[in-house]
Amino acid sequence: MKKNSKLQNIRSLFVGSAPSLRGRAGGEAVLSFFLLLSTLLFQSCTSDQDDIFSNSSSLRMQEVLDKAKAALTGNDNGWALDYYPDRNLTYGGIAYAIQFNGTVATVFSQEADKSEKSLYKLTNDDGPVLSFDTYNSLMHAYATPSPSEYEAKDGDFEFIIMDIQNDLITLKGKRSGNLMYMHRLSQSAREYIAAVKKTEEGMYAGKYAFVIDGDSILVKRTQNVFTFTDPSNGESTDIPFVTNPAGFEFKDTVDLMGKKVTGFNYSEDGIWANPADKSVALVALPQTLAELLTTRYWFFKASAMSEKALAFFNKAKQGSGDEGETITSMILGPNDCLGYSGQFGFSFQSGAYKGSLIIEPDLLTDDIVTFYFAGKGEGYGVWYYNYAQYNYVIAALCGPKGFSYYLTTDNAKNPTWIRLERADAPEMYFTLYKDEIDNPFDK
């Protein structure tokens, strides 16, 4: 009906006007008429053409989603995911393994001892998207906000599907924008994560060095990121990596002093070669327990302190409470964990405020250390020391003239906890943990 009414309107414009459509003027009129006619006819068909293209685009999108579904659910073992949260790649990569069955995803992570099931979906959201849209504590570990991290850790749980191959699916984090890869597994997801953990344990060290053409150059490891400083020019390079059963794999190929380096393959001899160029290797440097304590982050837990020690820490808890705040972390180690200079000390977060109080450690033996308070801090450290009773924490750790501690652990090479027992007062002790502890007074 709409097309007929438009044509009828066109005819009515020119009824009885044929004699004027002659000569030069008439030719222009004829041309104008056909331009007008073609424009109106084009407009009359626009909605039909939009429907055709929309359906075609929708069909193409559905084909991609169907292909993704078939790939994900077509392998009973599941898929390994090299997961990179945070657009600045602060944490490096975390190994995941995921099994897809119908609409259920079973998620495994190298950072957890259990798997967890939740729903997932494949949907069109300005492109094909894989979304883990129901809560999964493993899949959402870096994407769940908290009072101290209202933007969480800049992690993703929705991924744009960039490419689908038989053994490789390329994803892009909707939030971080990071490219990530899923690899088809030839072993079960559980076995894969167990193999990752075994490799990580075998390659863990407190100190590392890159060996390049025989020269040994110290590198710093923070989370799953190496920081390499080129001795020829002083320039530093951050190198995020992920652990897989074969070793450490860099997110991208890195140029180190003219060498193209993709990662390091594990071997039991402790010299881990770069597969792309075997003149580059990674070696672990031995560390004492005292060095391990003072070169990485360790987390306090209230329930792992002696009763006498806890009485001092409860003063800080009360001080934060008087400010209407909750202590969400208490850390012993380099304070760059909170973005400060990297000096050793007691660091904390109280509500929205962070601070550090600097401690000078004296490593007396492999397993005895003495702590002295340096009388300074960073961030809000000194304020909380002066006004929120955090001086009691320093009194417990350092005393007025320093305290010495005996150190014990569960694993001298790769400890998950270290216990500090005061040499002059065994009833004063703390057990610190490698794994991050949120809300330490609730543990």
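In what follows, the structure referred to is the one given above.
How each quantity is defined
Residues numbered from 1 in each chain as written. Predicted model: local features only at pLDDT ≥ 70, side-chain atom pairs only at ≥ 80, totals over all residues. Heavy atoms only, no water. Helix = DSSP H or I, 4+ residues; strand = E, 2+ residues; numbered from the N terminus. Contact = heavy atoms within 4.5 Å. Areas by Shrake-Rupley, 256 points an atom, 1.4 Å probe, with all protein chains shown as cover. Pairing = 2+ DSSP bridges. Axes fitted to C-alpha atoms, helices over the stretch in contact; angles between N-to-C directions. Salt bridge = Lys/Arg side-chain N within 4 Å of Asp/Glu carboxyl O. Buried < 20%, exposed > 50% of the residue type's maximum accessible area, 1.4 Å probe, protein only. Phe/Tyr/Trp six-rings, centres within 6.5 Å; stacked < 30°, edge-to-face > 60°. Lys NZ or Arg CZ within 6 Å of the ring centre and 35° of its normal.

Peer 1: A description of the overall build of the protein chain should follow, citing residues and the corresponding values.
Peer 2: Per the secondary structure count, the protein chain includes 7 helices and 25 strands. The contacts in the protein chain between residues at least 6 apart in sequence include a share of 52% that link residues at least 24 apart. By element, 51% of the accessible surface of the protein chain is carried by carbon and sulfur atoms, the whole surface being about 22500 Å².

Peer 1: Describe unusual backbone geometry, listing the residues and the values that go with them.
Peer 2: Despite not being glycine, Asp-86 shows a phi value in the positive range, around 75°. When you line up the elements, Asp-86 lands in the loop between β1 (79-83) and β2 (94-101). Located in the positive-phi region is Gln-389, a residue other than glycine, with phi close to 65°. You can see Gln-389 is positioned in the loop between α6 (381-387) and α7 (391-397).

Peer 1: Residues and numbers for the pairing of strand β9 (residues 179-184), please.
Peer 2: In terms of strand pairing, β1 meets β9 through 4 bridges, oriented antiparallel. Its bridge partner lying in β9, Trp-79 is registered against Arg-184. The pairing of strand β8 (residues 168-173) with β9 spans 5 bridges and is classified as antiparallel. Paired with Ile-169 across the strands is Met-182, a residue of β9.

Peer 1: Help me get a handle on the sheet that holds strand β5 (residues 121-124), residues and values and all.
Peer 2: Read across the open sheet, the 9 strands follow the order β4-β3-β2-β1-β9-β8-β7-β6-β5; overall the sheet is antiparallel. The open sheet is flanked by β4 (116-119) and β5, the only strands paired with a single partner. Within this sheet the neighbouring strands show an average axis-to-axis angle of 35°, counted without direction. On top of the sheet, helix α3 (residues 189-203) reaches β1, β2 and β3 (104-109); it is set at about 175° to β2, its chief contact.

Peer 1: Give me the pattern of salt bridges: which residues, what numbers.
Peer 2: In total, this model carries 14 salt bridges according to the counting rule given. One salt bridge connects Lys-197 with Asp-113, and the closest N-O pair in it is separated by 3.3 Å. Here Lys-197, found in helix α3, pairs with Asp-113, found in the loop between β3 and β4; they are 84 residues apart in sequence, far enough to count as distant. On the basis of relative accessible area, Lys-197 is assigned to the partly exposed category, the value being 27%. Residues Glu-427 and Lys-308 are paired through a salt bridge, measuring 3.3 Å at the closest nitrogen-oxygen approach. Of this pair, Glu-427 sits in the loop between β24 (417-422) and β25 (429-433) while Lys-308 sits in helix α5 (residues 307-322), and the two are 119 residues apart along the sequence. Among the residues examined, Glu-427 registers a relative accessible area of 40% and is labelled partly exposed. Overall, Lys-308 belongs to the partly exposed group, its relative accessible area being 42%. In this structure, a network of salt bridges that share partners links the residues Arg-87, Asp-154 and Arg-175.

Peer 1: Quick rundown of the sheet that holds strand β17 (residues 280-285)? Include the residues and the values.
Peer 2: Strand order in the open sheet formed by 8 strands is β15-β14-β13-β12-β11-β10-β17-β16, with antiparallel pairing between adjacent strands. The sheet terminates laterally at β15 (259-265) and β16 (271-273), the two strands that pair on one side only. The average undirected angle you get between the axes of adjacent strands in this sheet is 30°. Of the strand pairs in this sheet, strand β10 (residues 207-212) and strand β11 (residues 215-222) are connected by 5 bridges, and their pairing is antiparallel. Following the sheet pairing, Tyr-208 is matched in β11 by Val-219. Running at roughly 135° to strand β13 (residues 236-244), α3 makes contact with β10, β11, β13, β14 (247-256), β15, β16 and β17 of the sheet.

Peer 1: Quick rundown of the packing of aromatic side chains? Include the residues and the values.
Peer 2: Overall, the coordinates contain 32 aromatic pairs when judged by the stated rule. Seen from their ring centres, Phe-132 and Phe-159 are 6.2 Å apart, and the 85° between their planes marks the pair as edge-to-face. In this pair, Phe-132 sits in the loop between β6 (128-131) and β7 (158-164) while Phe-159 sits in strand β7, placing the two residues 27 residues apart along the sequence. In terms of burial, Phe-132 and Phe-159 fall into one category: buried. Plain terms: the ring middles of Phe-300 and Phe-430 are 6.2 Å apart, the flat faces sit at 90° to each other, and that makes the pair edge-to-face. Residue Phe-300 is located in the loop between β18 (298-299) and α5, and its partner Phe-430 is located in strand β25; the two are separated by 130 residues in the primary sequence. Neither residue differs from the other here; Phe-300 and Phe-430 are each classed as buried. The rings of Phe-300, Phe-313, Phe-344, Phe-346, Phe-348, Phe-371, Trp-383, Tyr-384, Tyr-387, Tyr-390, Tyr-405 and Phe-430 are connected pair by pair, giving a single aromatic cluster. We note Lys-251 situated over the ring of Tyr-84; from NZ or CZ to the ring centre the distance is 5.4 Å.

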